[in-house]
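Each chain, written out:
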Amino acid sequence: MNFFAYLTVFFFSLHINADEINLYTTRHYDSDIKLYKDFTKQTGINVNIISGKAKPLEKRILEEGKSCKGDLFFLADAGRLYSSQKNGVFKKVSSKVLEKKIPVQFRSDYWFGITKRARIIFYNPKKISSEDLVNLSYEDLTDKRFNKSIAIRQSNNVYNQSLIASMIENNGLEFTRSWTKKFVTNFSRKPQGNDRAQILSVASGESKLAIANTYYYGLMLSGKKGKEQKEAAKKVRPFFPNQQNRGTHMNISGIGVLKYSPNPGNAIKFIEFLLTNAAQEHMVNNTFEYPMIESVDPPSLITKMGGSFKQDNITNVSSYGKWQTDAFKIMQEADWN
Amino acid sequence: MTKIYQTFYPTNLTFCIILCVSTISIIPLFTIIINSSIIDFDFTLFKNSQFLEYTKNSLIILFFVLFLTFIFGVIPAYLITFYNFVGVKFFKYSLILSFAIPPYIFGYSLSAFFENFGSGYTLINVIWDTNNANSYLPNFSPIVNSVLSLSFTLYGYVFLLSRTSFEGQSVNLLDLGKSLGFSSYQRFFKIILPCARPGIFIGLSLVAMETLSDFGTVSYFGVSTFTTEIYNSWFIFDDLNASNFLSLLLLIFVLFFFIVESYLRKNSRFHSLKNEGKRKNQALKGTKNFLATAFCLCLFFFSFVFPFSQMLYWSIKFPEYLANFEILKLNLNTFLLIFFTSFFLISVAIFINFGNRLLKNRFLSFFSSLSISGYAIPGIIISVSIISFFSLMSSFINFDLKTIFIGSFYGLILGYFFRFYSIAYNGIKSNFLKINYSLDESSYLMGFDKFKTFSIIHWPILNKNIFSIFILIAIEIIKELPITLILRPFNFETFSTLAYNFATQDLIEATAIPSIFLIFWSSIFILISFKYFFQDNK
């Protein structure tokens, strides 16, 4: 593009064509961008993107109101989706295709789950035997045998808030409050770092158990983080808790059409595209998440971890949003920094 | 004389424009105050024990960062100004390069090196071939990591300002010290340090402001501070008003440093004595020479070489990420932003300062100096206030300002205006202050009008410094993250937003290439500005 043409686009970037959709996203995966390019190839509809943090983007969408040029909002946590729905960000959408493909607990009338993530336990087999973990549930992590053994990130992490929110939904506020207090005493160190740092802490022997999302482990095993981290990941084993009851805690990445979307038709087409076999395969193979649709298998690195585990299909992910604030308060009360 | 001004100058119009621009520039302050006033005082966070804990963390970090930046800033500045030792010329320039590294990028490097199975682990393995490398690496606590990242990247303020103070110290005074039989330690503590106090304090107050409003670094290491509270109240409790209220508290606290700074700046004029003779730097010998070189070398290594080589290592180890960047477009985006923002900021600052000089209205001077408050408000709050303000104005005047200012290039420039106007305003103001009013009066008496006076008298003096102000704005814009992240248009990335995107998807290795560009351009700008800065002082 010549310089002046570029300048024109630069200054008048607000003009939106009909054959475009504008996407606000908190997912920052490069592989997603490649996928959007495939969508453009197939449909001729361009995808314009702006990425950022959830709340500031939500604020921008809400204040833009009817002037909003955005069509879709893609978020990486069910609680955040619920909160945006509650704040009036999304438009009600009905699509037979989407309803058929997405299990009811992973969608609402306003947004649709696109990929799933499992928040599981990782352990160091040299420090703890797999027999010690048989039939283990999240609820058992307060046990004295795990004293000063567990690595987990901070309380202001949204995945932790959703995990605790799902416990409130299933066990009630009072149980979760006293559970969290005991759970915190089993921490091996002051919560710090991201999910991968927790897995590395287990690999180094500093902690016996870690709680982290599966895709961080997949990323390490894939070698994308270098051979040292791949070796470190091999020292760690995944464990899927709550197999005897409701199943392992699942969270989602989900998307909804904005209330004042100028191109709602294209927006729905885009969501339907994200749930095609090809798109789902592309996403999970690059991000190591779990697919939303049954006809696609998770990436082999992930299935090796335990492909046929029982997912929590009982708890509706919307409830994470309902309880997240309470979850955070409980965590703070328990001195979970 | 007032009559002459009024004859030549449309006073009322200038007054209105200055009032108007100054009012616009305090929009963020204004929105914060308005929103804070509607806070629900039943606000849960205050009842929480964590609130005190977070504030305590902020103060602990602040204390240690101030302590370390004092050591890292004053000692090399003293050594470089008064002594000759191996590498002194090199350190004069190189120690300032720490400015090119944003604290959050230093944080990425620090954690990548010391984390389990990180770069430190690889390095130890290469040297000793051991399986136990993790245990040889120190495990710093999150607070220590934050303190180190902030200190190594912010000490430049103290270094630069103490050097300027030291350079300006009277040779006669130092000679007097010598003839009184003071040892070099006594001279340092009894003459040099007390005389340089204002400069050092200004540097430390800038460090304090940056430290208190930092979120990127502390959140990366998982330390909860007062700024975390601002984010939590919005992101988790969905209470933006509470978040505004907390920002206001932070602002009041930071304002304290502003007041100290401006007070000292005023006083510092009396401290900067003329250099009566050429100073002969004493040559250090033996151990002292070695220690001076070693100290400066370590500082340069940790503040610049260490983070930069971590980025370089990543870009070599993971070359596949290079293919993902539209490097030309990223450079162009950054430079267009720098060019238009600095042009706008500097033009406004010149107009306002010139107008204030002519009008000599105390209220207006005070009012326009409020505009610098933006520097102390967290970037994220500034962007939110822009969004809220234009939304409110659009419904008020029934004209869609939102499409013009939200998610556009203009909105971004406005965001930077709120945040960095203080650099242009203070820079131009201090240059105007150097011009004696009697020069203006003589010019008017000679029959020159205000434009002629400006172009013949003021411009030649201002113009020397405009370039260094431009450079300072450029460095800030290159490193800026929160405003760009929230207010940018669709499909628009800068080096910092791209680095952030990768960091949040845990592809910290991919941040290397945008970070290297960011560091490269900042370094170039810093070296140019440094040359100008010290040339001017001479």
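Asker: Could you give me a rundown of the overall build of chain A, with the residues and numbers involved?
Answerer: In terms of helices and strands, chain A carries 14 helices and nine strands. Scaling as 2.2 N^0.38, a compact globule of 337 residues should have a C-alpha radius of gyration of about 20 Å, and chain A matches this with 21 Å. In terms of principal-axis extent, the alpha carbons of chain A reach across some 65 × 45 × 40 Å. Within chain A, counting contacts between residues at least 6 apart in sequence, those at least 24 apart form 78% of the total. Of the roughly 12700 Å² that chain A leaves accessible, carbon and sulfur atoms contribute 49%. When the 48 positive and 32 negative side-chain charges of chain A are each reduced to one mean point, those points stand 3 Å apart.

Asker: Now, about the overall build of chain B: what can you tell me, with residues and values included?
Answerer: Per the secondary structure count, chain B includes 26 helices and two strands. Over its C-alpha trace chain B gives a radius of gyration of 25 Å, about what one expects of a compact globule, namely 24 Å for 538 residues. Each principal axis of the C-alpha atoms in chain B carries an extent, and together these give about 85 × 70 × 50 Å. Out of the 538 residues in chain B, the part that is buried amounts to 59%. Taking the intrachain contacts of chain B between residues at least 6 apart in sequence as the baseline, contacts between residues at least 24 apart amount to 83%. Put simply, chain B has 35 plus and 26 minus side-chain charges, and the middle of one group is 18 Å from the middle of the other.

Asker: Can you break down the interface of chain B and chain A residue by residue, with the values?
Answerer: Counting residues at the interface gives 68 residues for chain B, matched by 65 residues for chain A. When the buried area of chain B at its contact with chain A is split by residue, F117(B), F490(B) and D506(B) rank highest and sum to 15% of it. Applying the counting rule to chain B against chain A returns three salt bridges. Our enumeration of links across chain B and chain A arrives at 19 residue pairs in polar contact (both at pLDDT 80 or more).

Asker: Give a detailed account of the domain arrangement of chain A, specifying residues and quantitative values.
Answerer: It is common to give the size of an interface as the accessible area lost on bringing the parts into contact. All names here are of chain A. According to the domain assignment, chain A consists of domain 1 (3-116 + 250-306) and domain 2 (117-248 + 311-333). Taken together, the contact between domain 1 and domain 2 spans 27 residues of the former and 29 residues of the latter. Between domain 1 and domain 2, roughly 2400 Å² of surface is buried when both sides are summed, and carbon and sulfur atoms account for 58% of that area. Three residues, Q105, M250 and M305, lead the burial of domain 1 against domain 2; their summed loss comes to 31% of the area buried on that side. Our count for the domain 1 to domain 2 interface comes out at one salt bridge. Here E289 and R117 are joined by a salt bridge, their closest N and O atoms 2.8 Å apart.

Asker: With reference to specific residues and values, describe the nonpolar core.
Answerer: Core analysis: the biggest nonpolar cluster contains 274 residues, and L141(A), F270(A), L274(A) and F85(B) have the highest contact counts within it. Here this core gets 14 residues from one element, more than from any other, and that element is helix 21 (residues 409-434) of chain B. Lining this core are residues from two domains, each supplying at least three of them: domain 1 (3-116 + 250-306) and domain 2 (117-248 + 311-333) of chain A. Ignoring any residue separated from it by four or fewer positions in sequence, one finds F270(A) in contact with I21(A), L23(A), Y36(A), F39(A), V47(A), L72(A) and I255(A).

Asker: Please provide a residue-by-residue account of unusual backbone geometry, values included.
Answerer: All names here are of chain A. One non-glycine residue, F288, lies in the positive phi region at around 65°. Along the chain, F288 turns up in the loop between helix 12 (277-287) and strand 9 (290-291). Exposure remark for F288: the relative accessible area of 4% places this residue in the buried category. With a phi angle near 60°, D335 is a residue other than glycine that sits in the positive phi range.

Asker: Lay out the pairing of strand 4 (residues 111-123) of chain A with the relevant residues and their values.
Answerer: Residues and elements named next belong to chain A. Summarising burial for strand 4: 13 of the 13 residues are buried, a large majority. Relative to strand 8 (residues 250-257), strand 4 runs antiparallel, the two being bridged by seven bridges. Among the inter-strand pairings, A118 is bridged to a residue of strand 8, identified as M250. Here five bridges tie strand 4 to strand 6 (residues 209-213), and the two strands are oriented antiparallel to one another. The residue bridging R119 from the neighbouring strand is N213, located in strand 6. Here strand 4 pairs with strand 7 (residues 237-239) via three bridges, running antiparallel. Within strand 7, the residue paired with Y123 across the bridge is R237.

Asker: Can you lay out a nonpolar patch on the surface for me, pointing to particular residues and giving the numbers?
Answerer: Together, F396(B), I397(B), F399(B), I404(B) and Y410(B) give the surface a local cluster of nonpolar side chains, amounting to about 510 Å² of exposed area. Looking at where F399(B) falls in the secondary structure, it is placed in the loop between helix 19 (379-397) and helix 20 (402-405).

Asker: Talk me through the packing of aromatic side chains; I want residue IDs and the actual numbers.
Answerer: Residues and elements named next belong to chain B. On inspection of all chains with the given rule, the structure shows 58 aromatic pairs over all chains. With 5.0 Å between their ring centres and 75° between their planes, F113 and F114 make a pair best called edge-to-face. By relative accessible area, F113 is classed as buried at 18%. An aromatic cluster of at least three residues, connected via ring pairs, comprises F72, F106, F113, F114, F140, F152, Y155, F301, F302 and F306. When the ring centre of Y437 is taken as origin, the NZ or CZ atom of R357, which lies over that ring, is 4.3 Å away.

Asker: Which residues make up empty space enclosed by the protein, and what values do they have?
Answerer: Taken as a whole and assessed by the stated rule, the structure comprises five cavities of 30 Å³ or more. Roughly 160 Å³ of volume is contained in the largest cavity. If you go around the largest cavity, you meet 20 residues; those closest to its centre are Q229(A), E115(B), G118(B), W314(B) and E509(B). Of all the secondary structure elements, the ones that give two or more residues to the lining of the largest cavity are helix 10 (227-234) of chain A together with helix 7 (103-114), helix 8 (119-128) and helix 16 (286-317) of chain B. In terms of residues, the lining of the largest cavity owes the most to one element, helix 16 of chain B, which gives four residues. Residue composition of the lining of the largest cavity, grouped by class: eight nonpolar, six polar and six charged.

Asker: Requested: an account of the pairing of strand 8 of chain A, with residues and values cited.
Answerer: Counting buried residues along strand 8 of chain A, eight of its eight residues qualify, which places the element largely inside the surrounding structure. Covered by surrounding structure in strand 8 of chain A are M250(A), I252(A), G254(A) and G256(A) together with N251(A), S253(A), I255(A) and V257(A), the residues of both alternating faces.

Asker: Tell me about the pattern of salt bridges, residues and numbers included.
Answerer: A side chain with one charge can pair with a side chain of the opposite charge if their charged atoms come near. Tallied over the entire structure, the rule returns 23 salt bridges over all chains. Across the pair D32(A) and R27(A) runs a salt bridge, and its minimum N-O distance is 2.8 Å. Take D32(A) and R27(A): they sit in the same class, and that class is buried. For D440(B), the salt bridge is made with R357(B), and the minimal N-O distance between the two is 2.8 Å. With D440(B) in helix 22 (residues 437-445) and R357(B) in helix 17 (residues 327-359), this residue pair connects regions lying 83 residues apart in the sequence. In this structure, D440(B) and R357(B) share a single accessibility class: buried. Three or more residues joined by partner-sharing salt bridges are found here, namely R27(A), D32(A), R117(A) and E289(A).

Asker: Give me the environment of F215(B): which residues, what numbers.
Answerer: Examined against the element boundaries, F215(B) turns out to sit in the loop between helix 12 (184-213) and helix 13 (216-221). F215(B) gets classed as buried once you look at its relative accessible area, which sits at 14%. Between the alpha carbons of F215(B) and I105(B) there is a distance of 13 Å; along the sequence they are 110 residues apart. If near-sequence neighbours (up to four positions away) are discounted, F215(B) is found in contact with K53(A), T227(B), T228(B) and Y231(B).

Asker: Describe in detail the side chain of T334(B), supporting the description with residues and values.
Answerer: All names here are of chain B. Summarising the element assignment, T334 is placed in helix 17. The class of T334 is buried, set by a relative accessible area of 3%. Setting aside residues up to four positions removed in sequence, T334 forms contacts with I478, T494 and F495.

Thresholds, definitions, all that
Residues numbered from 1 in each chain as written. Chains lettered and ligands numbered in written order. Predicted model: local features only at pLDDT ≥ 70, side-chain atom pairs only at ≥ 80, totals over all residues. Heavy atoms only, no water. Helix = DSSP H or I, 4+ residues; strand = E, 2+ residues; numbered from the N terminus. Rg over C-alpha atoms; globule rule 2.2 N^0.38 Å. Contact = heavy atoms within 4.5 Å. Areas by Shrake-Rupley, 256 points an atom, 1.4 Å probe, with all protein chains shown as cover. Lys, Arg positive; Asp, Glu negative; His and termini not counted. Charge placed at Lys NZ, Arg CZ, Asp CG, Glu CD. Buried < 20%, exposed > 50% of the residue type's maximum accessible area, 1.4 Å probe, protein only. Buried area = accessible area lost by both parts, 1.4 Å probe. Salt bridge = Lys/Arg side-chain N within 4 Å of Asp/Glu carboxyl O. Polar contact = N/O pair within 3.5 Å; in protein donor to acceptor, adjacent residues only side chain to side chain. Domains from an automatic or database assignment. Core = buried A, V, L, I, M, F, W, Y, C linked by side-chain atoms within 4.5 Å. Pairing = 2+ DSSP bridges. Patch = residues over 30% accessible without salt bridge, like charges linked within 9 Å, V, L, I, M, F, W, Y side chains within 5 Å. Phe/Tyr/Trp six-rings, centres within 6.5 Å; stacked < 30°, edge-to-face > 60°. Lys NZ or Arg CZ within 6 Å of the ring centre and 35° of its normal. 1 Å grid on protein atoms, 1.4 Å probe; cavity = no way out; pocket = protein on both sides within 12 Å on 5 of 7 lines; lining within 4 Å. Points joined across faces, edges and corners; volume = space filled by probe spheres on them. Nonpolar A, V, L, I, M, F, W, Y, C, P; charged D, E, K, R; others polar.

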